Amino acid sequence: MKRTLHLFLFIFVFYSGLAAQNLLGGTPISSTPHNYGSGLNVASHAFDGDYSTFFASYERTYTWVGLDLGSPHIITKVAFSPRIAHEYRLLLGVIEGSNRSDFLDAVPLHIIDVAPRANTMTEATIDCSKGFRYVRYVGPNDARCNIAELKFFGYASVGDDSHYPLVADLPVVSIHTADATDVTSKEYYLEGFVSFISDGGSQIFTSVTEIKGRGNYSWGLPKKPYKLKLEKSTQLLDFPAKAKKWTLINNYGDKTLMRNLLAFEISKRFGMAYTPAGKPVDVFLNGEYKGCYQLCDQIDVRPGRVDVVEMKKKDIALPQLSGGYLIEIDAYADRGNSWFTSSRGMPVTIKSPDDDDIKYEQSSYIKNYFNQLEAAVFSYQYTNPSTGYRSLLDIDSFLKHFIIGELTGNTDTYWSVYMYKDRESDKFFTGPAWDFDLAFENDNRTFPINNLSDYICLTKGSAVNNMRNFVKRILSDDNAQNDLERIWTRARYHDGVTADELLEVVEDYSAKITNSAHLNFLRWPILNQYVHQNPRIAGSYAGEVDFVKEYIRQRIDWLDNKIGLNADGIEQMDSKGSVYAAYGEIHFENFSTPSDIHIYDMLGRLVATRLVNSIDQIKMHSGLYIVKMQTGSITYTQKVLVP
Ligand code: CA
């Protein structure tokens, strides 16, 4: 009896194992074959067991051959063989699964990253919990598909969404357009579908989308940047904003594939009110691998992005008319719809309210207000705090934006400057910091940055008409110099703007991106080419990353010397003691200067105050608290969890 059961179990396990490896049959399907009508190179040739026959397509790109399995199947393995003497045409080929005959919602199951041998089957295991009725092989760019044999293995099941494969550790963005139309316009959207696979493959979000090109210079590069407009406002990945519009930054000239992300991290450390959210992703369009991109915020007005009041059409009288506005001082301003030239010739685009919605009263208001700012900057009494530029410009955000540009070595900082003005606020705020393709020593026109005689923006950096004079004028104010020193000192000593910490960020991104970089540079083999404004080429991804590390170290030293570190400020900051929780208590130690302590609960209620001199402790119930410490003129906050 026991033996029979064992035998039964053995057969069951053995059979299940085999079932998972079952060769799947189905109806061959494909894009239009090469010699359509003649019966040559048709879909069935990829499934005839003959290495000398193959499928080839009529179109060169976005072409494919596969099977309609009749019902959903979980795919456990694929096997493929190239057309003889055309092995390389399978490199970067992609296996996709879908439950629609038009493949609009298809996701990548495997990417071929080594050209396989001819006259033999190369196998790849697939780990995906979802069942697909339609499965296919999509040939790489310009290859006419060209595959001799294709086999799918698996078993019948609808499966579930618990696990999708990633191709290189990063989230996957899989986009399909109707009829696999290529995205060739940055004016008109194409209709399509997009799937975002994230969290190691455990999350998928699929939506109807529109897609078009974006960017100015970058749109002319071979690897295209895109803009997505989802059907509904969505919080993608774990980004803060809920929005329809998202951007895919192409990073063609940035061979580290991380310059924007690195700059965003620096922007955060300087405490900018809003830093664009971005993550590295692998992008597929119509089944073709397009490379490693950054999925980023679109710069617009909404909570989680530029969080000012959004204007309505009826807001044509004060105080509503006073904001919010988002503008961009912008070299490309005259290519948009809603733009003006300032009194002194600066080109300015109004980004919000939108082109379509803006009222005449609104565009004249913001134009006049910007002209007032400009007049104040260039006025005789420009340093006067109540009538000069400070009455109309938030100096902290302006200088932080400036120093982020200088630290990252962004030669484009003043080629495009975002500013915003909120309702009933007198001042323009500068930011967000954006577009760092040429930063971190990636511009031959300024290389090597640390040999320049002055700040980048005052020497060789790109700047729109009159912008350099604008910046120069503000920096010529002694108070602005003091503010700059204060901002730099604080960032250097308390907000993690150190070479060690920033190099750690670089290394983290490099580790995350490296497998995707491998695929990216198979798709775009440019590691040994000078592209865009590259001043140097390293010949490898790791070498490109090393260039950035070397630059950061040198740049921080250069800026320490240039701006100076405020000794008084440091002393005050160093006098900050340490705060920690013990059972039922918060402890304060090493407060060399008397400090005012305010403790708040998580509802923002003040629960305790104390003037701490050297050592002290306060009894607290268990819970999470915010401790605010005022030492001299400097305030710190710290979260403390009391057990
Ligand atoms: Ca064949």
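About the criteria used
Residues numbered from 1 in each chain as written. Predicted model: local features only at pLDDT ≥ 70, side-chain atom pairs only at ≥ 80, totals over all residues. Heavy atoms only, no water. Phe/Tyr/Trp six-rings, centres within 6.5 Å; stacked < 30°, edge-to-face > 60°. Helix = DSSP H or I, 4+ residues; strand = E, 2+ residues; numbered from the N terminus. Buried < 20%, exposed > 50% of the residue type's maximum accessible area, 1.4 Å probe, protein only. Lys NZ or Arg CZ within 6 Å of the ring centre and 35° of its normal. Donors = N, O, S within 2.8 Å, 3.2 Å for Na, K, Ca; no water. Polar contact = N/O pair within 3.5 Å; in protein donor to acceptor, adjacent residues only side chain to side chain. Contact = heavy atoms within 4.5 Å. Core = buried A, V, L, I, M, F, W, Y, C linked by side-chain atoms within 4.5 Å. Domains from an automatic or database assignment. Buried area = accessible area lost by both parts, 1.4 Å probe. Salt bridge = Lys/Arg side-chain N within 4 Å of Asp/Glu carboxyl O. Arc of directions from axis to C-beta. Pairing = 2+ DSSP bridges. Axes fitted to C-alpha atoms, helices over the stretch in contact; angles between N-to-C directions.

On to the packing of aromatic side chains. Within this structure, the stated rule accounts for 23 aromatic pairs. Ring plane angle 90° and centroid distance 6.5 Å describe the contact between F264 and F436, whose orientation is recorded as edge-to-face. Within this pair, whereas F264 is found in helix α2 (residues 259–269), its partner F436 is found in the loop between β19 (429–430) and α5 (467–475), the two being separated by 172 residues in sequence. In this structure, F264 and F436 share a single accessibility class: buried. Aromatic rings pair up to connect Y325, F340, Y365, Y369, F370 and F428 into one cluster. Taking the ring centre of Y382 as reference, the NZ or CZ of R473 above it sits at 3.8 Å. One Lys or Arg, R523, reaches over the ring of W524 and ends 4.0 Å from the middle of that ring.

What follows is about the coordination of the calcium ion. For the calcium ion, the full set of protein donor atoms is H45 (O), D48 (OD), D50 (O), T53 (O), T53 (OG1), A148 (O) and E149 (OE), at a range of 2.2 to 2.6 Å. When the donors of the calcium ion are listed by position in the chain, the intervening gaps give H-x2-D-x1-D-x2-T-x94-A-E. A residue pair is termed long-range when its members are at least 10 positions apart, and H45 in the loop between β1 (27–30) and β2 (64–82) and A148 in strand β7 (residues 147–156) qualify at 103 residues. For the pair formed by H45 and A148, the shared burial category is buried.

A word on the side chain of T63. Along the chain, the position of T63 falls in the loop between β1 and β2. At a separation of 3.4 Å, a polar atom in the side chain of T63 contacts the main-chain amide nitrogen of C145. Other than its neighbours up to four places away in sequence, T63 contacts S31, S57, Y137, V138, G139, R144 and C145.

Before going further, it helps to examine the nonpolar core. By size, the foremost hydrophobic cluster in this structure holds 137 residues, and its most contacted members are F270, F370, M419 and I552. For F270, the contacting residues outside a window of four places in its chain are K400, I403, I404, L407, I487, W488, A491 and V497. Formed by 21 residues, the second largest nonpolar core is a distinct cluster that contains A277, V281, L285 and L295.

Turning next to the domain arrangement of the protein chain. In many analyses, interface size is given as the accessible surface area lost on bringing the parts together. Segmentation of the protein chain into domains returns domain 1 (20–156), domain 2 (172–297), domain 3 (320–477), domain 4 (499–567) and domain 5 (574–642). The centre of domain 2, based on its C-alpha atoms, is set 26 Å off from the matching centre of domain 3. On the domain 3 side, the residues contacting the 22 residues of domain 2 number 22 residues. Contact with domain 3 buries surface across domain 2, with R259, F270 and M272 losing the most and accounting together for 35% of the total. In this structure, the connection of domain 2 to domain 3 is made through 0 salt bridges. Run the count over domain 2 and domain 3 and you get 6 residue pairs in polar contact (both at pLDDT 80 or more). Elements supplying a minimum of two residues to the side of domain 2 that touches domain 3: β12 (243–249), α2 and β14 (288–297). Top contributing element to the side of domain 2 that touches domain 3 by residue count: α2, with 7 residues.

In this section: α5. Three or more residues of α5 are buried, namely M467, F470, V471, I474 and L475. What you see down the axis of α5 is that its buried residues fit within an arc of 125°, all on one side. Where α5 is buried, its residues touch β15 (325–330), α3 (360–377), α4 (395–408), β18 (416–421) and α6 (478–494).

Turning to the pairing of β15, a few remarks are in order. β15 sits mainly inside the fold: 6 of its 6 residues count as buried. The two faces of β15 match: Y325, I327 and I329 on one face and L326, E328 and D330 on the other face are all buried. Pairing between β15 and β18: 6 bridges, direction antiparallel. Paired with L326 across the two strands is Y420, which belongs to β18.

A separate point is the sheet that holds strand β10 (residues 203–213). Taken in spatial order, the 7 strands close into a barrel running β8-β9-β10-β11-β12-β14-β13, and their pairing is mixed. Going from strand to strand, the sheet's axes swing by 35° on average, the running direction of each strand aside. Where strand β11 (residues 226–234) and β12 come together, 5 bridges link them in antiparallel fashion. Paired with K229 across the strands is K245, a residue of β12. Against the sheet, helix α7 (residues 499–523) touches β13 (278–285) and β14, its axis set at about 140° to β14.

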